[in-house]
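Next come the chains, spelled out residue by residue.
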Amino acid sequence: RRALPRPKPASREPEPPASEPPRAPEPAFPEASKPVRVSLLGGFALSVRGRRVPEERLNRRNTKSMLTYLVLHGGRAKRFQVAEQVWPDCDYTLGFGRVYQATTALRSIVAEVDDTLSLFVSSRKSGEVTIDMGLVSCDVPEFRALAREAVDSHDAERSLECAQAAERLYAGDL
């Protein structure tokens with residue numbers, strides 16, 4: 001381990017003129033403003049519009065496992081890949097049916113909170129299961145990005161900020 005240098009004391013920025021409204025601070029994670037939040041570090045949690053979905057609801061039909069797999073793979077995977085990972089003991093026909101059942105269950109769970117959200121982008125021809133990642137945020141890619149920025153940044157202050165943000169985000173193992 002190497003020690004990170006101490007940040008320089010923040011210089012005080014001049015107050016904006018009275019005619020300008022004060023600027024709101026930028027969110028630590030722009031992703032956090034998305035309507036669906038999947039937390040995987042330190043345990044699974046799904047929130048839709050700020051309302052936490054009981055985990056028991058997601059255990060049916062391996063919905064939680066499928067959602068986790070898709071989110072960790074950027075929101076997109078071939079149906080056969082999902083079937084192989086989530087239902088390894090099934091043949092493809094049965095696995096494809098289970099993928100359909102799990103996506104239907106997840107659509108239903110999300111619709112109970114907000115029936116205007118369409119989480120899946122569907123195309124039978126592509127053979128893919130695709131989640132609209134424009135609607136979904138997840139702590140794992142956020143953690144990865146912060147950790148990468150902490151290591152790669154040439155600005156010591158920025159490195160420290162990112163490392164501290166990643167530490168706050170890390171709630172435990174995946």
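Our structure's up above, just so we're on the same page.
Residues numbered from 1 in each chain as written. Predicted model: local features only at pLDDT ≥ 70, side-chain atom pairs only at ≥ 80, totals over all residues. Heavy atoms only, no water.

### What to know about helix H4 (residues 92-113)
Put simply, the rule reads: Note on conventions: DSSP H or I runs of at least 4 residues are helices, E runs of at least 2 residues are strands, and numbering of each starts at the N terminus. Each residue after the first adds 1.5 Å to the expected span of a helix. Each residue's exposure class comes from its accessible area (1.4 Å probe, protein chains only) as a fraction of the maximum for that residue type: buried when under 20%, exposed when over 50%, partly exposed otherwise. Here the arc refers to the directions that run from the helix axis out to each C-beta atom.
The terminal C-alpha atoms of H4 lie 32 Å apart, and with 22 residues this matches the ideal 32 Å at 1.5 Å per residue to within 8%. Residues Gly95, Val99, Ala102, Thr103, Ala105, Leu106, Ile109 and Val110 constitute the buried set of H4. Looking straight down H4, one finds that the buried residues subtend no more than 160° of arc, so they occupy a single side. Set apart from the buried face of H4 by more than 90 degrees, the exposed residues are Thr93 and Tyr100.

### Description of the packing of helix H5 (residues 139-152) against helix H6 (residues 156-169)
We apply this condition: Angular values range over 0 to 180 degrees, each being the angle between N-to-C directions of two axes fitted as lines to C-alpha atoms, with helices fitted over their stretch in contact. An angle counts as roughly parallel when it lies under 35 degrees, as roughly antiparallel when it exceeds 145, as roughly perpendicular when it falls between 65 and 115, and as oblique in every other case. The handedness criterion is simple: a crossing whose near helix is rotated anticlockwise from the far helix by less than a right angle is left-handed, and one whose near helix is rotated clockwise is right-handed. Only heavy atoms matter for contacts: two residues are in contact if any of them lie within 4.5 Å across the pair. Lys, Arg, Asp and Glu make up the charged group, whereas Ala, Val, Leu, Ile, Met, Phe, Trp, Tyr, Cys and Pro make up the nonpolar group; the residues left over, Gly among them, are polar.
Contact geometry for H5 and H6: axes closest at 8 Å, N-to-C directions at 155°. As the angle between them shows, H5 and H6 are arranged roughly antiparallel. Here the hand of the crossing between H5 and H6 comes out left-handed. On H6, the residues that touch Asp139, Glu142, Phe143, Leu146, Ala147, Glu149 and Ala150 of H5 are Arg158, Ser159, Cys162, Ala163, Ala165, Ala166 and Leu169. Taken together, the residues that form the contact of H5 with H6 break down as nine nonpolar, one polar and four charged.

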